[in-house]
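# Chain and residue survey
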Amino acid sequence: MNPSAPLWQTRLPATLRPSEKLAGLLQSPSLTAALRALPCEFSVRLLHLGSADGSLLLDGGGPGKSYFCRDVELCLNGEPVVWARSQCLPSSGYWRQMLDCGSRPLGERLFAESADWQRSPLEFSALEGVPLPSVQNAQLARRSFFQRQNETLGLVECFLPALAGYL
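Summarised in this report is the structure supplied together with it. Just so you know, the residues in each chain are numbered from 1, in the order the chain's sequence is written. Whole-chain, interface and lining totals are the exception, using all residues; otherwise, since this is a predicted model, local features are given only for residues with pLDDT of at least 70 and side-chain atom pairs are given and counted only at 80 or more. To obtain the side-chain values, all non-hydrogen atoms of the structure were included, while hydrogens and water were left out.

### A word on the overall build of the chain
To qualify as a helix, a DSSP run of H or I must reach at least 4 residues; to qualify as a strand, a run of E must reach at least 2; elements of each kind are numbered from the N terminus. Along the backbone of the chain there are five helices and seven strands. Overall, the chain shows an N-to-C arrangement of helices and strands of α-α-β-α-β-β-α-α-β-β-β-β. Taking all 167 residues of the chain together, the buried fraction comes to 48%. Put simply, 61% of the contacts in the chain that link residues at least 6 apart link residues at least 24 apart. Areas reported here follow the Shrake-Rupley algorithm with a probe of radius 1.4 Å; residue values treat only the protein chains shown as occluding. Total accessible area on the chain is roughly 8500 Å²; 50% of this is exposed by carbon and sulfur atoms. Each residue is placed in one exposure class: buried if its accessible area under a 1.4 Å probe, protein chains only, is under 20% of its type's maximum, exposed if it is over 50%, and partly exposed if it falls in between. Any two residues whose heavy atoms approach within 4.5 Å at even a single point are treated as in contact.

Structure representation (structure tokens):
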């Protein structure tokens, strides 16, 4: 195991001691719905859609393995509070089509359309000491995997320090 790889667990890392509001948000099935419920303007900033190397947060980050990825920032009042990556195999037609949603939230599509997918339990990881070139200052992440007809979509959400100012 790579010593800098995150340690994923089904409970929130006790070392971070998140506030009650943050803990509730972290455990919400739909992060989009939870962020929209805050008294702020919610928006999505599309950073990348297309081929990319796998993320350390989803597959161990092995070099050379290419995925179809969507990287976004979830913003409150225009300020990034979450960095998220969704990734699937390039051959996954259903998940590629689902990810091609521009600045529309993926959670809106996932939970609004017929849920003929299965979701893994949420997993959480403290990110201290984990090298994340795309994400600055994130201390905590959550991830889950969606399964549909033997095709998998991985989703990781990294919580940025700015989020605390909105809770």
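Further notes follow.
### Topic: the pattern of salt bridges
Any two side chains of opposite charge can pair, so long as their charged atoms come close to each other. Salt bridge, as applied in this entry: a Lys or Arg side-chain nitrogen positioned within 4 Å of an Asp or Glu carboxyl oxygen. In this structure the tally under the stated criterion is seven salt bridges. A salt bridge links Arg45 to Glu73; its shortest N-O distance comes to 2.8 Å. Here the residue Arg45 occupies a position in strand 1 (residues 42-53), and Glu73 occupies one in strand 2 (residues 66-76), the gap between them amounting to 28 residues. With a closest N to O distance of 2.5 Å, Glu157 and Arg142 form a salt bridge. Pair noted here: Glu157 is in strand 7 (residues 151-159) and Arg142 is in strand 6 (residues 140-148), with a separation of 15 residues, a long-range link. Note on Glu157: relative accessible area 7%, which makes it buried. Using a relative accessible area of 0% as the deciding quantity, one classes Arg142 as buried. Residues joined in a network through salt bridges with shared partners are Arg36, Arg104 and Glu108.

### Here we look at the side chain of Arg143
Following the sequence through the fold, Arg143 ends up in strand 6. Looking at Arg143, the relative accessible area reads 13%, which means it is buried. Contact partners of Arg143, with chain neighbours within four places excluded, come to Trp8, Leu57, Leu58, Pro121, Leu122, Glu123, Leu155 and Val156.

### Things to note about unusual backbone geometry
At Gln149, a residue that is not glycine, the phi angle is positive and equals roughly 45 degrees. If you trace the backbone, Gln149 turns up in the loop between strand 6 and strand 7. Here Gln149 falls in the exposed class, since its relative accessible area comes to 62%. Of note, Asn150 is a non-glycine position whose phi angle comes to about 65 degrees, a positive value. Here Asn150 lies in the loop between strand 6 and strand 7.

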